[in-house]
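# What the coordinates show
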Amino acid sequence: MRHIISILLENEAGALSRVAGLFSARAYNIESLTVAATEDPSLSRMTIVTTGTDRIVEQITKQLNKLIDVVKLLELTDGPYIEREMMLIKVKAATMAQREDVKRLADIFAGNIIDVTSATFTIELTCSGDKLDSFIESLAEHKIIETVRSGVSGIARGEKSLHI
């Protein structure tokens, strides 16, 4: 089962390494990892996507809570949440037919064409990972030159929040 864990941690050198080391030492896989400073420059918010049974994820969260850098932790998949991922994708679009088709697909998926050359379009999409995967599949007839994905960012819906 897929789990999204959101962590508030001290914004200090080595904090990311200690969290990643915990996963590595126990042979748990991190599917996605995003981290950045919060509105409080002394804190960072880290979002980790992993898979495993409820028991395994419970072990992970207990071990994470023991780390000195971790201030607070929330498993987003325990309740309603919103997740988004950003993707930049460069697609070959040299002919007029290719350009029209790629533009049509970008419009359908609410993407923004952010760079145009005589042979390529670079498109930005921000949505769920499943929708990004669907967009890539829809481009099957086109040559994808390069893809960059940010990893998941998530936040709990409603009153539930991760703050100190």
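Residues numbered from 1 in each chain as written. Predicted model: local features only at pLDDT ≥ 70, side-chain atom pairs only at ≥ 80, totals over all residues. Heavy atoms only, no water.

### Section: the sheet that holds strand β1 (residues 2-10)
Heads up, the rule is: In this description, strands pair whenever DSSP reports at least two bridges between them. Secondary structure counts use DSSP, requiring at least four H or I residues in a row for a helix and at least two E residues in a row for a strand, with both numbered from the N terminus. Here an angle of 0 to 180 degrees is reported between the N-to-C directions of two axes, which are lines fitted to C-alpha atoms, with helices fitted over the stretch in contact. Note on definitions: a residue-residue contact is assigned when non-hydrogen atoms from the two residues lie within 4.5 Å.
On the basis of which strands lie adjacent, the open sheet formed by 4 strands has the order β2-β3-β1-β4 and antiparallel pairing. Each having just a single partner strand, β2 (30-37) and β4 (70-75) make up the two edges of the open sheet. Averaged over all pairs of adjacent strands, the angle between their axes in this sheet comes to 15 degrees, without regard to strand direction. Pairing between β1 and β4: 5 bridges, direction antiparallel. Residue pairing across strands places I5 opposite E75, the latter belonging to β4. Contacting β1, β2 and β3 (43-51), helix α1 (residues 15-25) crosses the sheet at an angle of about 15 degrees to β3. Here helix α2 (residues 54-66) sits on the sheet in contact with β1, β3 and β4, set at roughly 5 degrees to β1.

### Observations concerning α1
Worth spelling out the cut-off: In this scheme, a residue with accessible area under 20% of its type's maximum is buried, one over 50% is exposed, and one in between is partly exposed, where area comes from a 1.4 Å probe on protein chains only. Taken from the helix axis, the directions to the C-beta atoms give the arc we talk about.
Among all positions of α1, only A15, V19, L22 and F23 are buried. Down the axis of α1, the buried side of the element spans an arc of 95 degrees, and every buried residue falls inside it. Residues of α1 that are exposed and point over 90 degrees away from its buried face: S17, S24 and A25. Those residues of α1 hidden inside the fold are in contact with β1, β2, β3 and α2.

### So, the environment of S150
Along the chain, the position of S150 falls in the loop between β8 (144-149) and β9 (153-156). The spatial distance from the C-alpha of S150 to the C-alpha of M87 is 6.3 Å, given a sequence separation of 63 residues. Filtering out sequence-adjacent residues up to four positions away, S150 remains in contact with L33, T34, E85 and M86.

### Section: the environment of E137
Turning to its location among the elements, E137 is positioned in helix α4 (residues 129-138). Using a relative accessible area of 60% as the deciding quantity, one classes E137 as exposed. Along the primary structure E137 and V148 are separated by 11 residues, whereas in three dimensions their C-alpha atoms are 15 Å apart.

By themselves, these observations are geometric and do not establish any function.
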